[in-house]
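# Fold and geometry: a report
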Amino acid sequence: MSPISSSSLLSLCVCFFIFLLLPTSESVKINKPRATNVTRHHRQLSYDYHAKTCPQLEQLVASVTSQQYRESPISGPSTIRLFFHDCFVEGCDASILIASRPGSMAEKDAQDNKNLPVEAFGSIRKAKALVEEKCPGVVSCADILAIAARDFVHLAGGPYYQVKKGRWDGRISMASRVSSNLPRANSTVDQLLKLFTSKGLSLEDLVALSGAHTIGFAHCEHFVTRLYNYRGTKQPDPSIDPRFLKALRMSCPYFGGNVDVVAPFDVTTPFSFDHAYYGNLQAKMGLLATDQALFLDPRTRPIVLELGKDKQKFFQAFSAAMEKMGSIGVKRGRKHGEMRKDCGVHP
Ligand code: HEM
């Protein structure tokens, strides 16, 4: 059994286990709605960029993503995360798809990307092969990744938003540039804000995009310290619900646990893209320290409350924030980018 399928099975077990242990989270009073900034536009990209060169592009990608999702649902969360990790490092330019060469370790082999399942790379490779067959040499891997991420959001029950296109692929992919451009699972809200702001994303975008943690799983290593030795206190993080803590501890011992074990971000509906993530934070059931911190910090808490009470508002804020994230550091034209045939190799 491959590590992926074994971890999928484990995740199912952990999920089921947590379901058994936890009563439904109590409903939480939500107050003070706050406006979300969803209006920023990006002139560089356009919705109809491929209207003439590859009018059937979105259908071609959809035929691959829908089949992939049926056969291997893990492709959904992992491709959405792949897109995030691509955009934050060198911009949305498919630099994360480049394979390492001797003497040049590429982004995909950096420590922060080691848990990205092969399924995520596989769906982009398949979609690119189909697009190349029908529209050779005109659609970048970066655009295909942006479209596929949207498809998976929608396939999991999330919003269907239009994707702007016109990205070119990047010429640079260096493992050494990854860690400083990605958040840590225990980053503070200050650190998250600094990073997100440096990418042109706002406080609202940070909270909305973190809502992607409504689906998918995390390995114990990312939250185990919270369970046993929070900030060196030898005590668990006091902001974790006691029953949730107990369930997580059973799956993730402090020492000697199975490194493949994963826990669901959203214990209530781990496979559906809904707004339950925000309710979980209010019920002290955020998995990562960064998740829970969004409810603890007075700057982000009102947004958590707002998005937790209104699924449509979350979908709207998430779609707008994905468009902004999808516009980070985009390359246009041969001067700045390249058009790859095989997403893993520079032409
Ligand atoms: C705000 C700061 C963020 C931190 C600290 C963070 C950290 C993490 C970590 C540690 C994991 C678990 C990886 C593993 O163990 O395999 C994870 C998973 C995930 N992240 Fe984030 N993330 C953040 C923001 C985002 C954003 C902005 C998105 C997308 C818009 C995203 C989408 C996902 C998804 C979908 C998964 C599940 C992956 C899977 O099940 O394969 N995350 N994240």
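You'll find the structure just up there.
Described below are features of the structure shown in this document. Since this is a predicted model, take the numbers as computed values, not measurements.

Turning to the packing of aromatic side chains, a few remarks are in order. One pass over the full model with this rule turns up 13 aromatic pairs. Plain terms: the ring middles of Tyr-228 and Tyr-254 are 5.1 Å apart, the flat faces sit at 20° to each other, and that makes the pair stacked. Of the two residues, Tyr-228 is situated in helix H8 (residues 224-228) and Tyr-254 in the loop between helix H9 (242-251) and strand E2 (262-264); the sequence distance between them amounts to 26 residues. Between Phe-273 and Phe-315, the ring centres sit 6.3 Å apart and the planes meet at 50°, which makes this aromatic pair tilted. On the criterion of sequence distance, the pair formed by Phe-273 in the loop between E2 and helix H10 (276-282) and Phe-315 in helix H13 (residues 311-325) is long-range, its members being 42 residues apart. Phe-273 sits in the buried class, given a relative accessible area of 1%. With relative accessibility at 8%, the residue Phe-315 sits in the buried group. Members of the aromatic cluster, joined through ring pairs, are Phe-273, Tyr-277, Tyr-278, Phe-314, Phe-315 and Phe-318. In this structure, Lys-108 packs its charged tip against the face of Phe-121, placed 4.6 Å from the ring centre. The aromatic ring of Phe-295 is capped on one face by Arg-301, whose charged end is 4.1 Å from the ring centroid.

Turning next to helix H5 (residues 141-155). Residues spaced three or four apart along an α-helix point in a common direction, a consequence of the helix completing one turn every 3.6 residues. Taking 1.5 Å of rise per residue, the 15 residues of H5 would be expected to cover 21 Å, and the 21 Å separating its terminal C-alpha atoms lies within 8% of that figure. Counting buried residues along H5, 13 of its 15 residues qualify, which places the element largely inside the surrounding structure. Looking one or two residues past H5, Gly-157 carries a phi angle of roughly 105°, positive in sign.

Cut-offs applied
- Residues numbered from 1 in each chain as written.
- Predicted model: local features only at pLDDT ≥ 70, side-chain atom pairs only at ≥ 80, totals over all residues.
- Heavy atoms only, no water.
- Phe/Tyr/Trp six-rings, centres within 6.5 Å; stacked < 30°, edge-to-face > 60°.
- Helix = DSSP H or I, 4+ residues; strand = E, 2+ residues; numbered from the N terminus.
- Buried < 20%, exposed > 50% of the residue type's maximum accessible area, 1.4 Å probe, protein only.
- Lys NZ or Arg CZ within 6 Å of the ring centre and 35° of its normal.
- Expected span 1.5 Å × (residues − 1).

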